[in-house]
Amino acid sequence: MSQLLHPLDELYRRAESAMDPAAWAYLNGGAVDELAVRRNPDRFAEIRLLPRVGVDVSALRTSQDLLGIELPYPIMLAPAALQRLFAADGELGTVRGAKAAGATAVISMESSVATRELAGEAGPFFQHIYVQKDRELTLELVRMAEEAGARGIAVTLDNPVPGIRYRQDAGMLGLPEGVRRANLESGGVPRLTGGYLDPSMTWRDLEWLVAQTELPIIGKGILHPEDARFAVEAGLQAVYVSNHGGRNLDTVAHPIDCVRAVSEVVAGRVPVLLDGGIRRGTDVLKALALGADAVLIGRPYVWGLAAAGAAGVKSVVETIRDEFLAAMAMCGLASLADITPAVIFGEEG
Ligand SMILES: Cc1cc2nc3c(=O)[nH]c(=O)nc-3n(C[C@H](O)[C@H](O)[C@H](O)COP(=O)(O)O)c2cc1C
């Protein structure tokens with residue numbers, strides 16, 4: 001008898017057999033002992049749901065406006081660098097799959113296909129950047145995002161120095177032929193990670209960044225509620241709760257354990273986003289119940305990309321979306337506004 005696999009686990013297996021082992025290590029690995037990588041999804045699994053019955057859930061309302069984008073449901077794609085390591089089409093497959101599924105993608109600064117080439121194929125999208133030591137280069141990236149039509153800029157805050165990643169370093173010594181950081185060609189970036197990260201960056205630099213553009217700035221990598229307050233005070237227009245998928249600091253707190261305190265501090269002033277370990281539709285429901293407005297998927301959509309290109313990305317999003325819709329209905333929640341901590345077992349009081 002063959003073993004029945006969850007669709008994402010099936011794509012995971014297919015991706016692994018399709019991919020170069022060094023790229024696989026880069027994709028799935030993380031910091032030091034990879035405890036945070038493994039525990040991010042486990043934390044979701046440990047949280048139990050407490051459904052209500054006798055509610056009309058015949059028409060679920062899951063759309064919302066996020067920074068001017070109408071999201072049909074609260075699932076987006078997190079920035080992931082260098083996707084031509086994983087599939088020939090790279091980010092082109094991702095933005096096509098995202099568009100087909102109605103999911104907004106965040107394009108990494110380190111995209112292996114230039115954002116300006118992706119823009120025509122993508123639905124509404126956000127651009128990700130790291131603030132560069134060279135502020136002129138930072139501004140070039142902001143202008144590039146504006147010209148390409150990005151709807152906002154996600155700036156990563158949790159990477160002052162490169163993560164220590166033994167599995168990745170053992171496998172990948174340099175970029176293979178034909179894989180390049182297409183957005184950074186003028187920047188002369190010397191290393192695979194780091195080098196161009198700025199460990200001196202503070203909230204003052206973020207205030208500077210906010211003043212440089214009309215686009216909303218999203219602060220990615222916030223876990224501490226006090227930092228969420230600083231982010232709002234600095235003029236950031238969304239707080240993105242993340243531990244970078246466990247790729248930077250090991251044994252760091254899990255986003256799902258931090259989001260409630262963050263959302264209490266933010267108090268609805270700006271949207272709260274979350275990533276790190278989202279693997280199932282019930283994970284989306286739990287993140288929203290504890291205070292996120294929307295979630296982002298990281299590694300799983302890249303498994304989809306590597307296994308089946310744009311169709312694989314689409315199927316990952318739709319699998320998680322369909323599970324989320326079923327979980328909403330099963331919990332007696334007809335609209336996003338109905339999703340509160342009361343659906344979490346132990347929080348119902
Ligand atoms: C291959 C890969 C590359 C990534 N590149 C970036 C990046 O360039 N910038 C960034 O802020 N986060 C990056 N991330 C982190 C993701 O945006 C996201 O925070 C994380 O993957 C979410 O966790 P999950 O993979 O468990 O869903 C990367 C993640 C992966 C797997």
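Refer to the structure above for everything that follows.
Being a predicted model, the structure only gives us computed values, none of them experimental. (Residues numbered from 1 in each chain as written. Predicted model: local features only at pLDDT ≥ 70, side-chain atom pairs only at ≥ 80, totals over all residues. Heavy atoms only, no water.)

A.B. asks: Please clarify how the site of the ligand should be interpreted in this entry.
C.D. replies: In the vicinity of the ligand, 23 residues are found, and the nearest of them are Pro79, Thr156, Asp275, Arg279 and Arg299. The separation between an oxygen atom of the ligand and a polar side-chain atom of Lys220 is 2.9 Å. One of the side-chain nitrogen or oxygen atoms of Ser242 is found 3.4 Å away from an oxygen atom of the ligand. Bound to the protein, the ligand loses 98% of the 610 Å² it would expose on its own. By residue class, the composition of the shell around the ligand is 8 nonpolar, 9 polar and 6 charged. (Near = heavy atom within 4 Å. Polar contact = N/O pair within 3.5 Å; in protein donor to acceptor, adjacent residues only side chain to side chain. Areas by Shrake-Rupley, 256 points an atom, 1.4 Å probe, with all protein chains shown as cover. Nonpolar A, V, L, I, M, F, W, Y, C, P; charged D, E, K, R; others polar.)

A.B. asks: I'm lost on the packing of helix 11 (residues 281-289) against helix 12 (residues 299-330) in this one. Help?
C.D. replies: The geometry of a pair of packed helices is captured by two quantities: the angle between their axes and the separation between those axes. At their nearest, the axes of helix 11 and helix 12 sit 6 Å apart, and the two run at 60° to each other. Taken as axis vectors, helix 11 and helix 12 run oblique relative to one another. Handedness of the helix 11/helix 12 crossing: right-handed. Contacts between helix 11 and helix 12 involve Gly281, Thr282, Val284, Leu285 and Leu288 from the former and Ile320, Glu323, Phe324, Ala327 and Met328 from the latter. (Axes fitted to C-alpha atoms, helices over the stretch in contact; angles between N-to-C directions. Helix = DSSP H or I, 4+ residues; strand = E, 2+ residues; numbered from the N terminus. Parallel < 35°, antiparallel > 145°, perpendicular 65-115°, else oblique. Left-handed = near helix turned anticlockwise from the far one by under 90°. Contact = heavy atoms within 4.5 Å.)

A.B. asks: Help me understand the packing of helix 2 (residues 21-28) against helix 12, please; the structure alone is not making it clear to me.
C.D. replies: At a minimum axis distance of 10 Å, the contact between helix 2 and helix 12 shows a crossing angle of 155°. What the angle tells us is that helix 2 and helix 12 run roughly antiparallel. Contacts from Trp24, Leu27 and Asn28 in helix 2 reach Arg299, Val302 and Trp303 in helix 12. Looking at the contact of helix 2 with helix 12 residue by residue, the classes come out as 4 nonpolar, 1 polar and 1 charged.

A.B. asks: So what exactly am I meant to see when it comes to the pattern of salt bridges here?
C.D. replies: Opposite charge on two side chains permits pairing when their charged atoms draw close. Within the structure shown, the criterion is met by 18 salt bridges. Across the pair Glu146 and Arg143 runs a salt bridge, and its minimum N-O distance is 3.0 Å. Of this pair, Glu146 and Arg143 both sit in helix 6 (residues 135-148), separated by 3 residues, roughly a single helical turn. Look at Arg143 and you get partly exposed, because its relative accessible area is 30%. Through salt bridges that share partners, Arg39, Arg43, Glu46 and Asp257 make up one connected network. (Salt bridge = Lys/Arg side-chain N within 4 Å of Asp/Glu carboxyl O. Buried < 20%, exposed > 50% of the residue type's maximum accessible area, 1.4 Å probe, protein only.)

A.B. asks: What am I meant to see in the packing of aromatic side chains here?
C.D. replies: In this description, an aromatic ring pair is defined by two values, namely the gap between the centres and the angle between the planes. Across all of its chains, the model carries 4 aromatic pairs by this definition. An angle of 90° between the planes, with centres 4.8 Å apart, marks the rings of Tyr12 and Trp303 as edge-to-face. A residue pair is termed long-range when its members are at least 10 positions apart, and Tyr12 in helix 1 (residues 7-18) and Trp303 in helix 12 qualify at 291 residues. Relative accessible area serves as the criterion here: at 29%, Tyr12 is assigned to the partly exposed category. (Phe/Tyr/Trp six-rings, centres within 6.5 Å; stacked < 30°, edge-to-face > 60°.)

A.B. asks: So what exactly am I meant to see when it comes to a nonpolar patch on the surface here?
C.D. replies: A cluster of nonpolar side chains, contributed by Val32, Ile164 and Tyr166, occupies part of the molecular surface with about 300 Å² of accessible area. One can find Val32 in the loop between helix 2 and helix 3 (35-46). On the accessibility criterion, Val32 (36% relative accessible area) is partly exposed. (Patch = residues over 30% accessible without salt bridge, like charges linked within 9 Å, V, L, I, M, F, W, Y side chains within 5 Å.)

A.B. asks: Explanation requested: helix 6 in the structure shown.
C.D. replies: In an α-helix there are 3.6 residues to a turn, and that puts residues three or four apart on one side. Its 14 residues give helix 6 an end-to-end C-alpha distance of 20 Å, which sits within 8% of 20 Å, the value for a rise of 1.5 Å per residue. If you check which residues of helix 6 are buried, you get Leu137, Thr138, Leu139, Leu141, Val142, Met144, Ala145 and Ala148. Contact partners of the buried residues in helix 6: helix 5 (115-118), strand 5 (125-129), strand 6 (153-156) and helix 8 (203-211). Following helix 6 by one or two positions, Gly149 has its phi on the positive side, about 90°. (Expected span 1.5 Å × (residues − 1).)

A.B. asks: In this structure, what is going on with the nonpolar core? I would like to understand it.
C.D. replies: For soluble globular proteins, nonpolar side chains are generally found buried alongside one another. The biggest cluster of nonpolar side chains holds 104 residues, and the ones touching the most others in it are Phe86, Val239, Val241, Leu274 and Ile339. Per element, the largest residue contribution to this core is 13 residues, and it comes from helix 12. Beyond its immediate stretch of four places on either side in the chain, Val239 contacts Gly219, Ile222, Ala228, Ala231, Val232, Val262, Val266, Val270, Pro271, Val272 and Leu273. Residues Ala78, Phe126, Tyr240 and Ala294 belong to the second largest nonpolar core, which totals 14 residues. (Core = buried A, V, L, I, M, F, W, Y, C linked by side-chain atoms within 4.5 Å.)

A.B. asks: Help me out: how do you make sense of the pairing of strand 9 (residues 272-275) in this one?
C.D. replies: The side chains of a regular strand alternate, first on one face of the sheet and then on the other. Residues Val272 and Leu274 of strand 9 are buried on one face, and the alternating residues Leu273 and Asp275, pointing to the opposite face, are buried as well. By the bridge criterion, 3 bridges tie strand 8 (residues 238-241) to strand 9 in an arrangement that is parallel. Among the inter-strand pairings, Val239 is bridged to a residue of strand 9, identified as Val272. After leaving strand 8, the chain enters helix 10 (residues 255-266) and then returns to the sheet as strand 9, a path that is right-handed. Examined bridge by bridge, strand 9 and strand 10 (residues 294-297) share 3 bridges and lie parallel to one another. Pairing of Asp275 across the sheet is with Leu296, part of strand 10. Since strand 9 and strand 10 lie parallel, the crossover through helix 11 that links them has a hand, and here it is right-handed. (Pairing = 2+ DSSP bridges. Right-handed = clockwise from strand over helix to strand, strands pointing away.)

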